[in-house]
Amino acid sequence: MKSSSWQQKELLFLVLYAAVFYALVIRRSLQLSHDHFVKLSGLRSGWISGRLNDISDAQWRNFRGNLPILSSVFMIFSLVANGLKRAFSLRAKGMSIIWTVISLVYLLYLHGACVIFIIAIASANFVLVKIFGRTKYFSFVLWILNLSFLLCNRIYEGYRFSNFGERWAYLDNFRGTFRWHICFNFVVLRMISFGYDYHWTDQYNRFDQKKHIQLCDHCSIGKTCYQLLQERRVTSDKFSFPIYLCYLVYAPLYIAGPIISFNAFASQLDSPQNIYSSREVAWYGFRWIFCLSLMELMTHFFYYNAFAISGLWKQMSPMDIFIIGYGVLNFMWLKFLLIWRYFRFWSLINGIVAPENMPRCVNNCHSLESFWKNWHASFNKWLVRYIYIPLGGSQKKLLNVWVVFTFVALWHDLEWKLLSWAWLTCIFFIPEMLVKSAANAVKVEGAFREFIFRELGAVAGALTITCLMVANLVGFVIGPSGINWLVSGFLQEGGLLTIGGLLLTFYVGTKLMFHISDAKQRKDKTR
């Protein structure tokens, strides 16, 4: 009873601290935006209370500006595909053809004549998989081919038709509205997935389907979860070129994902997803609209990204640097959540379930491992399945994280700041893995030892969150050249006090996350 009473008092203190912290951050953010908006670039006329709107982020600006067109394609694709499916009782082969035709029309609008490059590379990969898919050299050949295309596409900026002869030069005038080699990064992941899923069809499957069905909340009540869709083998007839091409260009997931394995996609062609009811899918759409409203409020009142783009925050106090940096990371999280959930919703409408990319709020992750499992989660599942496990999994974890994160950086773009982000993340990962390994080896007995472990965990969480902020700011905002500025900014007057304050705040935040986790565990036990 005493322990429970103490935990309740602690929880009350933590909630009050968090409320005061966010009140101060919001107040200071509003003041900064009001005082400096004249000096900021990327602000445009808004629609809320006559305020300016921060659309300085190019990715968000393009997505937001193209929402009407995207939504029109969304409705046409869904109405035509679902209408034909019901009218002619189409199954896997028929639906793959319908989806491919509509998707290729969509790709012609996006990329124009460059669709030729996409189909040519996809065809080469398909032939390679069919020839080498059953050989021991397959992994080497598959990775060499796909990495070569990934790098060459970026180096040559999607190629020019004129490079293949003057007779084709006129096609360079029809390159569409969107650079094809940017979207092709996702196609590369799908080509590798198709290759490995084909390669593994005649190998022993270690996945225990019966045990999974008994333990899974979805599968135990007759539904089919994503993990079962992915791990369960599909029949050989699904590895045909029409279904393969449909998988690569499937319009709802083509531009930004979420990333889905070939097995999971092909198995839903005959039997559409049954995890979500029609009502739950509709509710998912309403929640997306609510998140869009939050983003609009955020960009109209807090100009975090404009401060970062303009470089104005470099002239500010350490506390203001922290507030803007923290705001930028929250903006990035909400931006990606909106983009990924929009396309996932589109896919759900058409009966294909893909992994949720942002299953947990960015402010509810206190370890590097949990952060990367919940930020672009579908990519994390892909990396684990096709790189981490084939390289040896947890037995070679210290080595594998370097390979995985280097690939992630190269996959995003050929930039030094992304490689710096990847290697910084690996450096921060190593102490966490060593501490976790040591902690798992020690059996905690008694309330006092449990209290000590919990406190040490909260301290470790505070340090980890700080490292995550630094790595992501370096990788996606300031670049490696900005590290010296960031360090010097916090070594100036008041900087050390700010560091102490943010570490205390992250410590409190981690303790609050522990309470949330405890509450979820209690809820699961009562089911």
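Residues numbered from 1 in each chain as written. Predicted model: local features only at pLDDT ≥ 70, side-chain atom pairs only at ≥ 80, totals over all residues. Heavy atoms only, no water.

**Looking at the overall build of the chain**
Along the chain, the regular secondary structure elements total 22 helices and two strands. On the principal axes, the C-alpha backbone points of the chain span a range of 65 × 60 × 45 Å. Counting only residues that meet the buried cut, the chain has 50% of its 527 residues in that class. A separation threshold of at least 6 residues defines the contact pool for the chain, and within that pool the share at least 24 residues apart is 75%. (Helix = DSSP H or I, 4+ residues; strand = E, 2+ residues; numbered from the N terminus. Buried < 20%, exposed > 50% of the residue type's maximum accessible area, 1.4 Å probe, protein only. Contact = heavy atoms within 4.5 Å.)

**Considering the side chain of Arg341**
Tracing the backbone through its elements, the reader meets Arg341 in helix 15 (residues 318-349). Classification of Arg341 as buried rests on a relative accessible area of 11%. At 3.3 Å, the side chain of Arg341 and the side chain of Glu356 are in polar contact. (Polar contact = N/O pair within 3.5 Å; in protein donor to acceptor, adjacent residues only side chain to side chain.)

**Structural notes on a nonpolar patch on the surface**
A grouping of Trp6, Phe451, Ile452, Phe453 and Leu456 is seen on the molecular surface, where their side chains present a nonpolar patch of about 490 Å² in accessible area. Considering each element in turn, the nonpolar patch owes the most residues, four residues, to helix 20 (residues 447-478). Following the sequence through the fold, Leu456 ends up in helix 20. For Leu456, a relative accessible area of 54% puts it in the exposed group. (Patch = residues over 30% accessible without salt bridge, like charges linked within 9 Å, V, L, I, M, F, W, Y side chains within 5 Å. Areas by Shrake-Rupley, 256 points an atom, 1.4 Å probe, with all protein chains shown as cover. Salt bridge = Lys/Arg side-chain N within 4 Å of Asp/Glu carboxyl O.)

**With respect to helix 10 (residues 241-249)**
Within helix 10, seven of the nine residues are buried, which leaves the element mostly enclosed by the surrounding structure. Taken residue by residue, helix 10 has Ile243, Tyr244, Leu245, Cys246, Tyr247, Leu248 and Val249 as its buried positions. Where helix 10 is buried, its residues meet helix 4 (92-111), helix 5 (115-132), helix 7 (180-199), helix 11 (251-254) and helix 12 (262-270).

All quantities given are derived from atomic positions and should not be read as evidence of function.
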